[in-house]
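Spelled out, the chains give:
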Amino acid sequence: MDFNQGLNFQNGYPARRRSLVDDARFETLVVKQTKQSVLDEARLRSNDSSVDPEIEIDETQKVIENNGENDAGLTEEEVVLSNAISEGPEAEKALQRAALILRLREGMNSLSRVLKSIEKYQGSVCHLETRPNQNDTSQLDALIKVEMTRVSLLQLIRSLRQSSSLEHVTLIGEDNISAKNPWFPRHASDLDNCNHLMTKYEPDLDMNHPGFADKEYRARRKEIAEIAFAYNYGDPIPFIDYTETENKTWGSVFNTVLELMPKHACAEYCRVFKLLQEEGIFTSNKIPQLEEMSNFLRRHTGFSLRPAAGLLTARDFLASLAFRIFQSTQYVRHKNTPYHTPEPDCIHELLGHMPLLADPSFAQFSQEIGLASLGASDSEIEKLSTVYWFTVEFGLCKESGVVKAYGAGLLSAYGELLHALSDKPELRPFEPAVTAVQPYQDQEYQPIYYVAESFDDMKDKFRRWVSAMSRPFEVRFNPHTGRVEVLDSVEKLESLVHQLNTEVLHLSNAINKMKMPSYQ
Ligand SMILES: C[C@H](O)[C@H](O)[C@H]1CNc2nc(N)[nH]c(=O)c2N1
Ligand SMILES: N[C@@H](Cc1ccc(O)cc1)C(=O)O
Ligand SMILES: [Fe+2]
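Each chain has its residues counted from 1, running along the sequence as written. Here the convention is simple: chains get letters from A, ligands get numbers from 1, in the order in which they are written. Restriction of local features to residues with pLDDT of at least 70 applies here, the model being predicted, together with a cutoff of 80 or more for giving and counting side-chain atom pairs; totals for whole chains, interfaces and linings are based on all residues. Excluding hydrogens and water, the side-chain values take into account all heavy atoms of the structure.

1. Focus on helix α7 (residues 107–120)
Residues three or four positions apart in an α-helix share a direction because the helix packs 3.6 residues into each turn. To be explicit about the condition: Working definition: helices are DSSP H or I runs of at least four residues, strands are E runs of at least two. Numbering for both runs from the N terminus. Multiplying 1.5 Å by the helix residue count minus one yields the expected span of that helix. The classification of residues rests on relative accessible area computed with a 1.4 Å probe and restricted to protein chains. Under 20% of the type maximum is buried, over 50% is exposed, and intermediate values are partly exposed. The arc under discussion is defined with respect to the helix axis, by the directions toward the C-beta atoms.
The end-to-end C-alpha distance of α7 is 21 Å, a good match for the 20 Å that 14 residues give at a rise of 1.5 Å each. What α7 keeps buried is the set Gly107, Ser110, Leu111, Val114, Ser117 and Ile118. All buried residues of α7 project into a common sector of 120° when viewed along the axis, lining one side. Seen from the buried face of α7, the exposed residues on the opposite side, beyond 90 degrees, are Asn109, Lys116, Glu119 and Lys120. Taken from the residues just after α7, glutamine 122 is the one with a positive phi, measuring 55°.

As structure tokens, then:
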């Protein structure tokens, strides 16, 4: 991933703010670069010599961990700040507004020292708040908004960090402090800013990735990711001329799923799968193009696709569902592991997710999850994505007493599908509030799956649980404008009620007409 293209800091909050889901913790640029060079070295060795790769991996891992620790003090904002400064003398002198959060050891005494430092670096204080620290009431937390040149700001932070009267200092983006008014996409075009990636399972960075030591594979993966980085809302999704190897990988997964499906997949999945075969989109000899799949979805449920460069943060991924948009990867898993891959690829998206997204009731439900995620707190996003994980990705349900799979991660990975339905894993009844706090990993087969009484029962339970979430406002997608509206005024609600009344009138007219003798 090219960090500059993949990240956008102008969209209201930096990536780290959106990805506090445990797994989704963003690496700082510094950590990433260090990791990259260590990994490059390791790769060189494992590519070009016959040294036992096991030993290499252990050693490299140690170096990564150490480096990670050393750089832990730099936040993403500080890295961005110092990068901005290095652009030239103009940039150095540009005034920057910023918010600092400080933990003061000696209460108000420390505060006066901090204010003096700000004065010394010719900064001005625009806002100041203090409160007792929640864990240790003898200490004080302060929020200080300042305005000063970027160079001075960086110097100030460094000097504050050295001060013994401060427990710690955090710099956060100026527009990132209001929890009451969080930024979230209001229109599908805003999703151009919602494509933050989690880099942990990229073949470039993860030594366990099946493509880690395959140069050609990594180049291809990168070439396809570039398409996603360059993509903007409204563009047609570029055609990919898949290689024979890629089509063969698809074919082997496709044929195995086709074989297992009648016995193991839920009815809704099987219904749309057949439709996709009839339309010639699902065939064993070629990977469907995202554009044709997007058009198919649009006709059935109004869902559409946009290309994604890799595994997205849960917040960004869920947000797009609010607009009935699914962010889909376009590259193909490594040929050596058709039965399972640690990161989503287009086989997972196409074979796993698409059939259910073309099902009207499931599409509606997916959009509701998306809407519930907009402006949700980090801990709510974490719960939401955990439930999503154990349902949409890895869910099992009963159908006339028989356990079937509806989770996309099972229907795109026959290795895991067979594992899930064997007697190896533990099966538990699906209960959103309990499932929401179950830890999971996505590198290997799951040890635990949740089984719903039925597919519909899962949707109902999930829906009820989602609507009880604590977000202090309600949102609605307006299909006429394609915008998400916050329902916060009597006027908006009145006009909505009017609109719904008109629809109800049409529905009751239809019922009355059907009841008339002339209709029979
Ligand atoms: C919301 C939840 O975390 C879920 O597993 C998401 C995460 N990011 C993703 N990103 C991509 N590209 N494709 C996916 O299927 C997902 N799934
Ligand atoms: N394991 C899935 C792909 C996948 C990986 C990670 C995820 O978060 C989701 C899906 C497969 O092999 O098809
Ligand atoms: Fe998925």
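2. Digging into the layout of surface pockets
How we decide: In this analysis a 1.4 Å probe is tested at points of a 1 Å grid over the protein atoms alone, and where it fits but cannot get out there is a cavity; an open set with protein on both sides within 12 Å along at least five of seven lines is a pocket; lining residues have an atom within 4 Å of a point. Grid points are joined across faces, edges and corners, and a volume is the space filled by probe spheres set on the points. Segmentation of the chain into domains, including their bounds, is taken from an automatic or database domain assignment.
There is about 910 Å³ of room inside the largest pocket. Elements supplying a minimum of two residues to the lining of the largest pocket: α12 (290–301), β5 (304–308), α15 (360–373), α20 (455–467) and β11 (475–478). It is α15 that provides the largest number of residues to the lining of the largest pocket, a total of seven residues. Counting residues domain by domain, the lining of the largest pocket receives three or more from each of domain 3 (196–394) and domain 4 (475–519).

3. What about the side chain of asparagine 247?
Note the following rule: Should any heavy atoms of two residues lie within 4.5 Å, those residues are considered in contact.
Mapped onto the elements, asparagine 247 comes out in helix α10 (residues 244–264). Residues contacting asparagine 247, with those up to four places away along its chain left out, are Tyr242, Ser284, Asn285, Lys286 and Ile287.

4. Overview of the UniProt feature "binding site: Fe cation" (unreviewed entry) in the chain
The condition is simple: UniProt positions are given in the numbering used here, feature names are shortened, and annotations may be inferred rather than shown by experiment.
Following the UniProt record, the feature "binding site: Fe cation" (unreviewed entry) maps to His348, His353 and Glu393 here. A compact arrangement is adopted by the annotated residues: their sequence extent is 46 residues, whereas the largest C-alpha distance between any two is 9.9 Å. With respect to the helices and strands, histidine 348 occurs in helix α14 (residues 346–357). For histidine 353, the location among the structural elements is in helix α14.

5. Focus: the site of ligand 1
Rules: We call a residue near a molecule or strand when any one of its heavy atoms sits within 4 Å of it. Pairs of N or O atoms within 3.5 Å make up the polar contacts considered here, provided that, within protein, one atom can donate a hydrogen while the other can accept it, and that residues adjacent in sequence are counted only when both atoms are side-chain atoms. All accessible areas in this document rest on Shrake-Rupley with a 1.4 Å probe, and a residue is counted as covered only by the protein chains that are shown.
Near ligand 1, the surroundings consist of 16 residues, among which Gly310, Leu312, Phe317, Glu349 and Glu393 are the closest. Glutamate 349 places a side-chain nitrogen or oxygen 3.2 Å from a nitrogen atom of ligand 1. Between ligand 1 and glutamate 393, the relevant distance is 3.4 Å, taken from a nitrogen atom to a side-chain nitrogen or oxygen of the residue. The protein chains hide 95% of the 390 Å² of surface that ligand 1 would expose on its own. Only α13 (314–321), β6 (325–329), α14 and α16 (378–393) provide two or more residues apiece to the shell around ligand 1. At four residues, the largest contribution of residues to the shell around ligand 1 is made by α16.

6. Here we look at the pairing of strand β7 (residues 396–399)
Here is the rule: Being paired, for any two strands, means DSSP has found at least two bridges between them.
In this sheet, strand β8 (residues 402–405) lies alongside β7 in antiparallel orientation, the contact comprising four bridges. Bridging across to β8, cysteine 397 finds its partner in lysine 404. As paired elements, β7 and strand β10 (residues 448–452) share two bridges and run parallel to each other. Within β10, the position partnered with cysteine 397 by the bridge is alanine 452.

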